[in-house]
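Tertiary structure, described
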Amino acid sequence: MFALPGIAALMVFIYVRPHEIFDWLHFLSFPTVLGVAVVGLVIDWRISASRPRVYPLIVVSVLFFAWAAFTVVVKVPVGAGPHVTLLVVSLLLFLVTAFGAPSIRGFQALATMTLAMSIFLAAVGVQQGLSPRVCIIRNDAADGGPGSVVSDGRGCTARKDCYENGEPETEYLCERTGLFGTASVGGRVRYRGILQDPNELAWAISIGLPFAFVFQQRRRSATRLALLIGAVALAIVCVVMTQSRSGQLALLAVVGAYFIRRFGWKGIVAAGLLSVPLILFGGRVGEEADSSTTERLDCWEAGLGMFRTNPVLGVGAGQFADHHYLTAHNSFVLTLAELGPLGMFLWSCAFYLVFKILVQALRDFADNETSAIVARWAMALIASLAGSLVSSFFLSIAYHPVLWVQFGLVAAFYGAIHRHAPHWWVRFGWRDVLLIAGTDIMIITAIYGYVRMYGE
């Protein structure tokens with residue numbers, strides 16, 4: 001288990017961004033932290049604590065990233081480096097997570113780390129959302145870049161207030177500031193780094209929440225129940241403060257999937273009750289909401305147009321924004337536009353396989369008392385992935401590191417089960433291929449029809 005500390009450090013590096021917060025950690029870089037995790041993996045393999053196994057999810061994921069890198073190199077041979085780097089980062093995160101937890105105990109350690117990151121992000125978001133609005137100087141950090149926001153300490157209710165008695169030739173914003181040099185954007189709470197988008201912050205918090213249910217089930221106590229209620233409440237409040245409609249839907253999908261499985265149809269009622277504060281207080285309304293919907297439809301239409309003009313390779317990974325002023329706001333449209341039908345198919349295969357692994361594990365181990373923990377974790381991961389699936393229809397997360405850490409957790413879970421039950425396999429055949437291809441066609445057809453109906 002020498003790999004686990006390195007993987008935990010890698011997750012903190014990706015989620016929390018400590019090297020951007022603390023000056024004494026500026027020397028840290030992704031290759032450095034990744035190297036520590038890889039060294040741990042090699043040690044585990046050398047002492048036979050784990051053994052890498054290749055199975056369909058690993059193969060499909062590697063093929064997806066290889067195809068994505070190929071498209072951008074072909075389409076943009078000059079300047080492809082940054083886009084390929086993002087692809088490599090997500091792929092390495094997936095592989096290290098997948099191979100770094102060769103047992104159920106190791107997987108549980110990574111799941112605990114994911115839950116801790118979600119609670120941390122929610123706490124930072126809530127603290128930020130409860131802070132008063134102040135005048136901040138517009139700089140790279142205020143625009144979502146590295147560094148920390150700079151406030152001059154003056155309170156404000158609108159941006160124009162900051163220019164009264166402000167420094168000449170200085171551009172100001174009126175936002176809420178939070179811990180670790182963070183600040184809201186348009187009044188919506190956010191974090192920094194890969195989670196500077198409020199929508200993606202809400203999604204990342206939501207998908208970590210189901211793991212809290214497992215810990216409460218494993219050893220029921222008043223303390224653990226209180227922690228579970230606190231985590232759920234914190235997540236709901238933070239998602240409300242992000243004003244993210246896609247985040248609300250992701251959280252409802254997570255809680256709904258878990259409650260329906262746990263409590264049957266009564267779970268729908270419980271999930272409905274939890275949705276009340278989201279519906280009443282979350283999201284944007286009025287002209288701002290209408291504008292967001294119109295922009296999303298424009299992005300989908302633009303993505304379909306990119307596919308029509310580039311039907312094989314797409315426009316290249318990471319190139320959507322070079323052909324349209326916004327990103328796709330839909331991961332299926334994004335992969336089709338940037339990678340062509342093969343790229344979309346490979347991405348859909350990865351999503352299909354993570355669900356198939358978990359559904360089969362839930363079915364095969366649910367009635368066995370000795371392996372009940374496997375079924376519990378399978379259900380938690382299904383609920384978590386339900387949030388990501390819903391978010392994929394509204395966000396461009398196909399290459400997002402958080403998504404591929406989540407996929408890596410499922411791969412680690414699969415490997416841990418197979419280690420303890422070598423006879424247990426998840427098959428991937430022609431029926432799966434045809435099902436995925438047919439589903440992709442249906443999704444794109446539905447999106448096309450929706451755009452034609454409401455986009456004009």
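Quick caveat: nothing in here was measured; it's all calculated off a predicted structure.

Considerations on the pairing of strand E3 (residues 172-176)
- For E3, a buried count of 4 out of 5 residues is recorded, marking the element as mostly surrounded by other parts of the structure.
- For strand E1 (residues 133-137) and E3, the ladder comprises 5 bridges, and the chain directions are antiparallel. Bridging across to E3, Ile-137 finds its partner in Tyr-172.

Some words on unusual backbone geometry
- Look at Glu-169: it is not a glycine, yet its phi comes out positive at around 60°.
- For Glu-169, a relative accessible area of 87% translates into the label exposed.
- If you check the backbone angles, Gln-243 has positive phi at about 55° while not being a glycine.
- Judged by relative accessible area, Gln-243 falls into the partly exposed class, the value being 22%.

Observations concerning empty space enclosed by the protein
- Inspection of every chain in the model, using the stated rule, returns 4 cavities of 30 Å³ or more.
- Quantified by volume, the largest cavity comes out at close to 70 Å³.
- Around the largest cavity, the lining residues are Ala-141, Gly-144, Gly-145, Gly-147, Val-149, Gly-181, Thr-182, Ala-183, Arg-190, Tyr-191, Arg-192 and Gln-196.

Some points on a positive patch on the surface
- A cluster of basic side chains, namely Arg-218, Arg-219, Arg-220 and Arg-376, defines a positive patch on the protein surface.
- On the secondary structure map, Arg-376 appears in helix H16 (residues 372-392).
- Look at Arg-376 and you get partly exposed, because its relative accessible area is 31%.

Observations concerning the packing of aromatic side chains
- The full count for this structure, using the stated rule, is 27 aromatic pairs.
- Consider the rings of Phe-351 and Phe-355, whose centres lie 6.1 Å apart with planes at 15°: the pair is stacked. Placement of the pair is Phe-351 and Phe-355 together in helix H15 (residues 331-365), with a separation of 4 residues, close to one helical turn. Of the two residues examined, Phe-351 and Phe-355, each falls in the buried class.
- Measuring from centroid to centroid gives 4.9 Å for Trp-404 and Phe-407, while their planes differ by 75°, and the two rings are edge-to-face. Taken together, the positions of Trp-404 and Phe-407, both in helix H17 (residues 401-420) and 3 residues apart, correspond to about one turn of that helix. By the burial criterion, Trp-404 is buried, and Phe-407 matches it.
- Each residue in the set Phe-64, Phe-65, Phe-94, Phe-332, Trp-347, Phe-351, Phe-355, Phe-393, Tyr-399, Trp-404 and Phe-407 is aromatic and connected to the rest through ring pairs, giving one cluster.

Quick notes on the rules
- Residues numbered from 1 in each chain as written.
- Predicted model: local features only at pLDDT ≥ 70, side-chain atom pairs only at ≥ 80, totals over all residues.
- Heavy atoms only, no water.
- Buried < 20%, exposed > 50% of the residue type's maximum accessible area, 1.4 Å probe, protein only.
- Helix = DSSP H or I, 4+ residues; strand = E, 2+ residues; numbered from the N terminus.
- Pairing = 2+ DSSP bridges.
- 1 Å grid on protein atoms, 1.4 Å probe; cavity = no way out; pocket = protein on both sides within 12 Å on 5 of 7 lines; lining within 4 Å.
- Points joined across faces, edges and corners; volume = space filled by probe spheres on them.
- Patch = residues over 30% accessible without salt bridge, like charges linked within 9 Å, V, L, I, M, F, W, Y side chains within 5 Å.
- Areas by Shrake-Rupley, 256 points an atom, 1.4 Å probe, with all protein chains shown as cover.
- Salt bridge = Lys/Arg side-chain N within 4 Å of Asp/Glu carboxyl O.
- Lys, Arg positive; Asp, Glu negative; His and termini not counted.
- Charge placed at Lys NZ, Arg CZ, Asp CG, Glu CD.
- Phe/Tyr/Trp six-rings, centres within 6.5 Å; stacked < 30°, edge-to-face > 60°.

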